[in-house]
Amino acid sequence: MERLAPAKVNLGLSVRFRREDGYHELHTLFAPFSLADRLVVEPVSAGLHFQGPYGRENLAYRAASLYLEAAGQPGGVRILLEKRIPEGAGLGGGSSDAAQVLLALQALYPAEVDLFALARTLGADVPFFLLGRGAEARGVGERLKPLALPPVPAVVFFPGLRVPTPLVYRAVRPEDFGPDLPVEAILEALARGEEPPYWNSLEGPAFRLFPELREVRGRMRALGLRGVLMSGSGSAFFGLAEGPDHAKRAAEALRAWGRAWAGTLGGGDAGSGPA
Ligand SMILES: C[C@@](CO)(OP(=O)(O)O)[C@H](O)COP(=O)(O)OP(=O)(O)OC[C@H]1O[C@@H](n2ccc(N)nc2=O)[C@H](O)[C@@H]1O
Ligand SMILES: Nc1ncnc2c1ncn2[C@@H]1O[C@H](COP(=O)(O)OP(=O)(O)O)[C@@H](O)[C@H]1O
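Remember, predicted model here, so these are calculated numbers, not experimental data.

Engineer: Honestly, the UniProt feature "binding site: ATP" (unreviewed entry) in the protein in this entry has me stumped. Any pointers?
Structural biologist: The sites that UniProt annotates as "binding site: ATP" (unreviewed entry) are Pro 86, Glu 87, Gly 88, Ala 89, Gly 90, Leu 91, Gly 92, Gly 93, Gly 94, Ser 95 and Ser 96. In this structure, Ala 89 sits in the loop between β4 (76-82) and α2 (93-108). Among all residues touching Ala 89, those that are not within four sequence positions of it are Phe 158, Ser 235 and Ala 236. Among the structural elements, Gly 93 can be located in helix α2. Those residues in contact with Gly 93 that sit more than four places away from it in its chain are Ala 7, Asp 37, Lys 83, Ile 85 and Glu 87.

So, in structure tokens, the structure goes:
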């Protein structure tokens, strides 16, 4: 069974406050983006055979191990993971791989297993990727409300700087906290091709830690991209294009500074599922 694990971008991310447990309460809109990792998941008689980076530390391996245990070891599995989403970019690649492994194993070995509960233990972004569509999220990302997003041509740019998520959260200051995102206004602006009134509270701390990231927005705006924003804890940024051709031209120009992909965010077909 072949499956695609799409990337995500955060169409706005507001850090509301710091919680007693040290985590940060978020309000964010998740949108799938068409850049995707490729997974092959096949049943075998026994054992967990994994081919891909990070070995047993890989979230895809850990997801498989958790599912097989929760399902009572119904059989073995062979997983092949081909990475295309850059790691540590704020694009959620590892979380997406994990979600696709959970879905594939549930299809291969159906059992009374709460996938959302397993997903939460793997990472804050994993439950979103089980949905396979846009979502509004609260908590640390586990309280989800599915969201109908229009398909929008977009560019994702990765300047090549790997930003560890814990480092960025540790650098958050009270002045970075924000109110709830104006969800309706953001959706209307997206549908009309206007600049959405969103922000990412993690840009402040990320820019203080890595000042070179301050230049990215200007570069992307100069190419005519709108609504340019850092995704998650960075260092990838995305911007909205006027159409697929504009997205391709902008991505081409951005490759002078890093990696860039033209694609679609939101919509019905950017989500997960068989390749
Ligand atoms: C920023 C976001 C936005 O979608 O995504 P990415 O940029 O990583 O894709 C997420 O909040 C990333 O969640 P996730 O990637 O699961 O974070 P984890 O590895 O679980 O957390 C690493 C560390 O960051 C801090 N942390 C994480 C999430 C959160 N809401 N508040 C926090 O303070 C905690 O100290 C935690 O130990
Ligand atoms: N399947 C995986 N894909 C990517 N990274 C993984 C995976 N499994 C574990 N990791 C670890 O998780 C870190 C964060 O990866 P990723 O989920 O791609 O980024 P982000 O959290 O920035 O969205 C990586 O640097 C790597 O150490």
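Structure shown, so let's carry the discussion forward.
Engineer: I'm lost on the pairing of β4 in this one. Help?
Structural biologist: In summary, the side chains of a regular strand alternate between the two faces of the sheet. Here β4 shows a buried face lined by Val 77, Ile 79 and Leu 81 and an unburied face lined by Gly 76, Arg 78, Leu 80 and Glu 82. In this sheet, β4 lies alongside strand β3 (residues 48-51) in parallel orientation, the contact comprising 4 bridges. Looking at β4, one finds that Phe 50 is bridged to Ile 79. What joins β3 to β4 is helix α1 (residues 59-70), and the crossover it makes is left-handed.

Engineer: When you look at the site of ligand 1 in this model, what are you seeing that I'm missing?
Structural biologist: Within the structure, ligand 1 sits among 19 residues, and His 24, Gly 90, Ala 124, Gly 232 and Ser 233 are positioned closest to it. Broken down by secondary-structure element, the contributors of at least two residues to the shell around ligand 1 are β1 (2-18), β2 (24-44) and α5 (165-170). Of the residues assigned to the shell around ligand 1, the class counts are 7 nonpolar, 11 polar and 1 charged. In terms of domain composition, the shell around ligand 1 takes at least three residues from each of domain 1 (2-144) and domain 2 (149-265).

Engineer: What exactly am I supposed to notice about the packing of α2 against helix α3 (residues 115-122) here?
Structural biologist: For any two helices packed against each other, the geometry is given by the interaxial angle and the distance between the axes. Where α2 contacts α3, the two axes come as close as 10 Å, and the packing angle between them is 150 degrees. With respect to their mutual orientation, α2 and α3 come out roughly antiparallel. Crossing of α2 against α3: the hand is right-handed. Taken together, the residues of α3 that come into contact with α2 (itself represented by Ala 98, Ala 99, Leu 102 and Gln 106) are Leu 115, Leu 118, Ala 119 and Leu 122.

Engineer: Would you mind going over the domain arrangement of the protein with me for this structure?
Structural biologist: For interface size, the figure often reported is the accessible area lost on association. Domain boundaries in the protein define domain 1 (2-144) and domain 2 (149-265). The distance between the C-alpha centroids of domain 1 and domain 2 comes to 22 Å. Taken together, the contact pairs 26 residues of domain 1 with 36 residues of domain 2. Of all the elements in the fold, those that place two or more residues in the side of domain 1 that touches domain 2 are β1 and β2. For the side of domain 1 that touches domain 2, the class distribution of residues is 13 nonpolar, 10 polar and 3 charged.

Calculation notes
- Within any chain, residue numbers begin from 1 and follow the written order of that chain's sequence.
- To read the labels, note that chains go from A and ligands from 1, taken in the order they are written.
- Predicted model: local features are reported for residues with pLDDT of at least 70 only, side-chain atom pairs are reported and counted for 80 or more only, and whole-chain, interface and lining totals are derived from all residues.
- UniProt positions are given in the numbering used here, feature names are shortened, and annotations may be inferred rather than shown by experiment.
- Helix and strand definitions here come from DSSP, where helices need a minimum of 4 consecutive H or I residues and strands a minimum of 2 consecutive E residues; each element is numbered from the N-terminal end.
- Here, residue contact means that the backbone-derived C-beta atoms of the two residues sit within 7 Å.
- Any residue with 12 or fewer other C-beta atoms within 10 Å of its own C-beta is exposed, any with 20 or more is buried, and the rest are partly exposed; the C-beta atoms used are placed from the backbone.
- Any two strands with at least two DSSP-identified bridges between them are counted as paired.
- Assignment of crossover handedness uses the view with strands pointing away from the viewer, where a clockwise path from the first strand over the helix to the second indicates a right-handed crossover.
- Defining nearness, a residue is near a molecule or strand when the C-beta atom obtained from its backbone falls within 6 Å of it.
- Put simply, Ala, Val, Leu, Ile, Met, Phe, Trp, Tyr, Cys and Pro go in the nonpolar bin, Asp, Glu, Lys and Arg in the charged bin, and everything else, Gly too, in the polar bin.
- Throughout, the edges of the domains are those of an automatic or database domain assignment.
- For helices, the fitted axis covers only the stretch in contact; all axes are lines through C-alpha atoms, and the angles between them, taken along N-to-C directions, range from 0 to 180 degrees.
- Note on terminology: angles under 35 degrees are roughly parallel, angles over 145 are roughly antiparallel, angles of 65 to 115 are roughly perpendicular, and the others are oblique.
- Left-handed describes a crossing in which the near helix is turned anticlockwise from the far one by less than a right angle; the clockwise case is right-handed.

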